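Summary of the model geometry
Spelled out, the chains give:
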Amino acid sequence: YTLSTDDILNLISKKSEKNKENLSINSFQQMVDGKKYYYTELYEYGNLIDEVLIDAKSKRVYSYKDLNKDYKTNYSDGYFRVTSDGNIQFAINEDKAQFILRKKLEEKGNKYKKITSTSVDKVYKYIYNKTALEKMIKNNGDIYYYEIVNKGLFKKKEVYIINMYNEKVYSINNDNINEY
């Protein structure tokens with residue numbers, strides 16, 4: 001462990017583009033799967049605004065994100081959560097989620113023109129049963145990347161969701177949500 005409190009503040013300030021003078025942290029050393037991290041609570045003007053894990057070697061920053069707690073950061077290199085058994089689990093990034101979807105589409109011979117990442121709000125205009133999606137997300141307690149697959153001119157766009165923690169892909173069509 002070689003990062004000082006000042007190093008951590010500089011790193012987060014640079015990534016988040018927040019004024020370092022307005023930030024403060026509580027930082028603890030943490031081992032995760034044999035790797036060294038700093039678990040850091042980040043405060044702005046005394047208010048908790050994020051919980052992050054910082055890889056001591058690479059200085060990559062992972063923000064806490066699960067169904068119940070999301071700090072809505074846009075500066076982290078990835079996400080993590082604490083599972084019910086107390087273990088730390090890292091999420092895949094959006095690029096890897098799209099890669100997984102592309103591979104699944106190719107394996108099944110499903111041709112497409114373009115895959116676009118989007119928000120859950122924009123997905124609703126492509127599906128009929130908004131309630132089924134909301135129920136699935138609530139019951140699973142997981143977080144997803146939302147992808148729109150454009151199959152070409154005059155063809156219906158398809159919606160897929162990829163679980164950011166277990167990498168499962170689901171297709172949404174005709175009010176059904178099925179593992180793909």
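Before any of the text, the structure's been laid out above.
Here's a quick rundown of the structure. Because the structure is predicted, anything quoted here is derived from the model rather than measured.

The rules behind the values
Residues numbered from 1 in each chain as written. Predicted model: local features only at pLDDT ≥ 70, side-chain atom pairs only at ≥ 80, totals over all residues. Heavy atoms only, no water. Pairing = 2+ DSSP bridges. Helix = DSSP H or I, 4+ residues; strand = E, 2+ residues; numbered from the N terminus. Axes fitted to C-alpha atoms, helices over the stretch in contact; angles between N-to-C directions. Salt bridge = Lys/Arg side-chain N within 4 Å of Asp/Glu carboxyl O. Buried < 20%, exposed > 50% of the residue type's maximum accessible area, 1.4 Å probe, protein only. Contact = heavy atoms within 4.5 Å. Expected span 1.5 Å × (residues − 1). Arc of directions from axis to C-beta. Polar contact = N/O pair within 3.5 Å; in protein donor to acceptor, adjacent residues only side chain to side chain.

1. Considerations on the sheet that holds strand 11 (residues 176-179)
Strand order in the open sheet made by the five strands is 7-8-9-10-11, with antiparallel pairing throughout. Single-partner strands in this sheet number two, and they are strand 7 (114-118) and strand 11. On average, each strand axis in the sheet is inclined to that of its neighbour by 30°, with strand direction left out of account.

2. With respect to the pattern of salt bridges
A side chain of one charge can pair with a side chain of the opposite charge when the charged atoms of the two come close. Summed over all chains, the structure comprises 10 salt bridges. Across the pair Asp70 and Lys65 runs a salt bridge whose closest N-O atoms are separated by 3.8 Å. Its relative accessible area of 16% is what places Lys65 among the buried residues. Between Asp142 and Arg81 there is a salt bridge, and its shortest N-O distance comes to 2.5 Å. Of the two residues, Asp142 is situated in the loop between helix 4 (130-140) and strand 8 (144-150) and Arg81 in strand 5 (residues 78-82); the sequence distance between them amounts to 61 residues. On the basis of relative accessible area, Asp142 is assigned to the buried category, the value being 12%. The class of Arg81 is buried, set by a relative accessible area of 12%.

3. Quick word on the sheet that holds strand 5
Spatial strand order, 1-2-3-4-5-6: six strands in an open sheet with mixed pairing. The strands lining the two open edges of the sheet, one partner per strand, are strand 1 (23-32) and strand 6 (88-90). Strand-to-strand twist of the sheet, defined as the mean angle between neighbouring strand axes without regard to direction, takes the value 30°. Summarising the sheet, strand 1 and strand 2 (residues 35-44) pair through 10 bridges and their orientation is antiparallel. Following the sheet pairing, Leu23 is matched in strand 2 by Glu44. Here helix 1 (residues 5-16) sits on the sheet in contact with strand 1, strand 2, strand 3 (47-55) and strand 4 (61-64), set at roughly 105° to strand 1.

4. Side note on helix 2 (residues 94-107)
An ideal rise of 1.5 Å per residue puts 20 Å on 14 residues; helix 2 measures up with 20 Å between its terminal C-alpha atoms. Residues of helix 2 that are buried: Ala97, Gln98, Ile100, Leu101 and Leu105. Take helix 2 and look down its axis: the buried residues cluster within an arc of 160°, on one side only. Residues Asp95 and Glu107 are exposed on helix 2 and point more than 90 degrees away from its buried face. Residues of helix 2 that are buried make contact with strand 7, strand 8, strand 9 (158-163) and strand 10 (169-173). One side-chain oxygen at the N-terminal end of helix 2 lies 3.2 Å from the backbone nitrogen of Asp95; it belongs to Asn93. Count one or two residues on from helix 2 and you reach Gly109, which has phi positive near 70°.

It is worth stressing that arrangement in space is one thing and function is another; only the former is reported here.
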